[in-house]
Amino acid sequence: MLKQRVITALVLLALLLPALFAVNPWPLMALTLVLITAGAWEWGRLNGVGPVQAWMGALACLAACALSIASGWLQSTPPQLWLIAGAMWVLLGAWMIQRGVSAWALWPRLVRWWAGLFLLALAWLALAQAHQRGVNFLLSVLVLVWAADVFAYFFGRALCGRFVSFKLAPAISPGKSWEGVFGGMLGVFLVSWLWTVFDRTHNPITPSFYTLLWARGAGVAVPALLFMSAMSVVGDLVESLVKRSAGMKDSSGLLPGHGGVLDRVDALLPTLPLAMMLVAWI
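Note that the coordinates shown come from a computational prediction; the quantities given were computed from them, not determined experimentally.

1. So, the overall build of the chain
- Check the secondary structure of the chain and you find 12 helices and 0 strands.
- Secondary structure elements of the chain occur, N-terminal to C-terminal, as α-α-α-α-α-α-α-α-α-α-α-α.
- By the compact-globule yardstick of 19 Å for 282 residues, the chain fits well, its C-alpha radius of gyration being 18 Å.
- Taking the principal axes of the C-alpha coordinates as reference, the chain spans close to 50 × 50 × 40 Å.

2. Remarks on the nonpolar core
- One finds Trp43, Leu120, Trp124, Leu138, Leu144, Phe209 and Leu272 to be the most contacted residues of the largest nonpolar core, which totals 74 residues.
- At 13 residues, the largest contribution of residues to this core is made by helix H6 (residues 109-133).
- Look past the residues within four positions of Leu120 in its chain and what remains in contact with it is Ile36, Gly39, Ala40, Trp43, Cys61, Leu262 and Leu269.

3. With respect to the side chain of Thr196
- Tracing the sequence through the fold places Thr196 in helix H8 (residues 178-202).
- Judged by its relative accessible area of 9%, Thr196 is buried.

4. Some thoughts on the pattern of salt bridges
- Summed over all chains, the structure comprises 3 salt bridges.
- Between Lys176 and Asp236 there is a salt bridge, and its shortest N-O distance comes to 2.9 Å. You can see Lys176 sitting in the loop between helix H7 (135-159) and H8 and its partner Asp236 sitting in helix H10 (residues 218-246), a full 60 residues away along the chain.
- A residue is classified by how much of its surface remains accessible, and Asp236, at 16% relative accessible area, is buried.
- In this structure, Lys243 and Asp263 form a salt bridge, with 2.9 Å as the shortest nitrogen-oxygen distance. Placement of the pair is Lys243 in helix H10 and Asp263 in helix H11 (residues 261-265), with a sequence separation of 20 residues.
- Take Asp263: its relative accessible area is 8%, and that puts it in the buried class.
- Among the charged side chains, a salt-bridge network with shared partners connects Glu239, Lys243 and Asp263.

5. Description of the packing of aromatic side chains
- All told, the structure shown has 11 aromatic pairs when counted by the stated rule.
- Here the aromatic rings of Tyr153 and Phe154 are separated by 5.2 Å at their centres, their planes lie at 80 degrees, and the arrangement is edge-to-face.
- For Tyr153, a relative accessible area of 46% gives the class partly exposed.
- By relative accessible area, Phe154 is classed as exposed at 52%.
- Through successive ring pairs, a cluster of aromatic residues spans Trp43, Trp95, Trp104 and Trp107.
- Geometry around Phe137 places Arg133 over its ring, the cationic atom sitting 4.9 Å from the centre.

6. What about the packing of helix H3 (residues 51-70) against H6?
- Contact geometry of H3 with H6 gives a least axis separation of 9 Å together with a crossing angle of 35 degrees. Pair H3 / H6 crosses with right-handed handedness. Seen from H3, the contacting residues are Gln53, Gly57, Ala60, Cys61, Ala64, Cys65, Ser68 and Ile69; seen from H6, they are Trp113, Trp114, Leu117, Leu120, Ala121, Trp124 and Leu125.

7. Quick look at H7
- Under the 1.5 Å per step criterion, the end-to-end length of H7 is 35 Å for 25 residues, consistent within 8% with the ideal 36 Å.
- The complete set of buried residues in H7 reads Asn136, Phe137, Leu138, Leu139, Ser140, Val141, Leu142, Leu144, Val145, Ala147, Ala148 and Gly156.
- With its phi angle positive at about 85 degrees, Gly161 sits one or two positions after the end of H7.

8. Here we look at the packing of H6 against helix H12 (residues 268-281)
- Where H6 contacts H12, the axes come no closer than 8 Å and their chain directions differ by 55 degrees. What the angle tells us is that H6 and H12 run oblique. Seen along the crossing, H6 lies across H12 with a hand that is left-handed. Of the residues in H12, those touching H6 at Leu120, Ala123, Ala126, Leu127, Gln129, Ala130 and Arg133 are Leu269, Leu272, Pro273, Met276 and Val279.
- By residue class, the composition of the contact of H6 with H12 is 10 nonpolar, 1 polar and 1 charged.

Basis of the calculations
Residues numbered from 1 in each chain as written. Predicted model: local features only at pLDDT ≥ 70, side-chain atom pairs only at ≥ 80, totals over all residues. Heavy atoms only, no water. Helix = DSSP H or I, 4+ residues; strand = E, 2+ residues; numbered from the N terminus. Rg over C-alpha atoms; globule rule 2.2 N^0.38 Å. Core = buried A, V, L, I, M, F, W, Y, C linked by side-chain atoms within 4.5 Å. Buried < 20%, exposed > 50% of the residue type's maximum accessible area, 1.4 Å probe, protein only. Contact = heavy atoms within 4.5 Å. Salt bridge = Lys/Arg side-chain N within 4 Å of Asp/Glu carboxyl O. Phe/Tyr/Trp six-rings, centres within 6.5 Å; stacked < 30°, edge-to-face > 60°. Lys NZ or Arg CZ within 6 Å of the ring centre and 35° of its normal. Axes fitted to C-alpha atoms, helices over the stretch in contact; angles between N-to-C directions. Left-handed = near helix turned anticlockwise from the far one by under 90°. Expected span 1.5 Å × (residues − 1). Parallel < 35°, antiparallel > 145°, perpendicular 65-115°, else oblique. Nonpolar A, V, L, I, M, F, W, Y, C, P; charged D, E, K, R; others polar.

Right, here's the structure in full:
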């Protein structure tokens, strides 16, 4: 299993890194389109649609992404669209986590399926537009999620139950603790500080997400970073909840040793469009 995980990770890095730093944006856009289409197929399976319907949903998600390119939304997305994405993630995420695993199946299957496809297409659009702004900006958002995840893991392992006696969401993800959440937030603030120092020192062409937030003052940056940290956890919990409702351990086996595409990008699905929402409105 460990060998599979390492090989898969190396292959993905070998594909993603050249595409990320390529002068032309199309290699990254094409690669991420393949991944988001695979995630849309997984989403159909998780929500109990048939094999043909799952592929139709994947193609519909791909078509929506292509339509956004044709409409010029990569350069200028209507800011109201990011507000819709933000409202859906905050309200739907809070409802799902509060109601628990059993309540998810009570929603009509078509509503669950198409809402997820819509949010997947928006996540891809947010990633593509963040890349259009610049690699420094996109990387700063991606690293925010990775830092929150890594710090949450180590703080959770080291301090689980020492300060808060009850788990975060035991029925959804028994391994997650409040100490992990607080550790993840600490990690995000640490990365934010280091990245703003980097921006001031090296003056990149495109400022990072953190520099844009801190330019508006601590009254904006602090709650925005706390919000982003919390929503990365929400993305993880929402996917765990849907998998438990479907009785599946992984979203698929497309990435040997890592599960499926959704297993690897779950925390990015809300944070990418929410980052674009904050930049557009703040």
